[in-house]
Amino acid sequence: EGFQHVRDAACYVCWAFARAYAPDVLEPFVARIATALIQVAVFDREINCRRAAAAAVQEHVGRQGTFPNGIDVVTVADYWTLS
């Protein structure tokens, strides 16, 4: 039980990656990052973790433009619908 602070921090790191790195640098990791963030956004039991993951997804979609089906995912799994 617990560890929500670790999951929340991991989402923040993924959010920071979107701001810090060029799309070509992150391209080899996009599928794994997207899958992990979407899983947390949808299934995590802690609302702050779901919202942190959703924010990271939105940042990647907006800045990187490389997340698969990015706009569709952001539309369905936004910050408010995950509460």
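One can find the structure itself at the top, above this paragraph.
Keep in mind that this is a model prediction, so the values were computed, not measured. (Residues numbered from 1 in each chain as written. Predicted model: local features only at pLDDT ≥ 70, side-chain atom pairs only at ≥ 80, totals over all residues. Heavy atoms only, no water.)

Q: Even after reading the chapter, I still don't get the packing of aromatic side chains, so can you show me in this structure?
A: For any pair of aromatic rings, the description rests on two quantities: the centre-to-centre distance and the angle between the ring planes. Within the structure shown, the criterion is met by two aromatic pairs. Here Tyr12 and Trp15 contribute two aromatic rings whose centre-to-centre distance is 5.4 Å and whose plane-to-plane angle is 25°, an arrangement assigned as stacked. Of the two residues, Tyr12 and Trp15 both sit in helix 1 (residues 4-20), three residues apart, roughly one turn of that helix. Tyr12 sits in the exposed class, given a relative accessible area of 52%. Taken together, a centroid distance of 5.8 Å and an interplanar angle of 65° make the contact between Phe17 and Tyr21 edge-to-face. (Phe/Tyr/Trp six-rings, centres within 6.5 Å; stacked < 30°, edge-to-face > 60°. Helix = DSSP H or I, 4+ residues; strand = E, 2+ residues; numbered from the N terminus. Buried < 20%, exposed > 50% of the residue type's maximum accessible area, 1.4 Å probe, protein only.)

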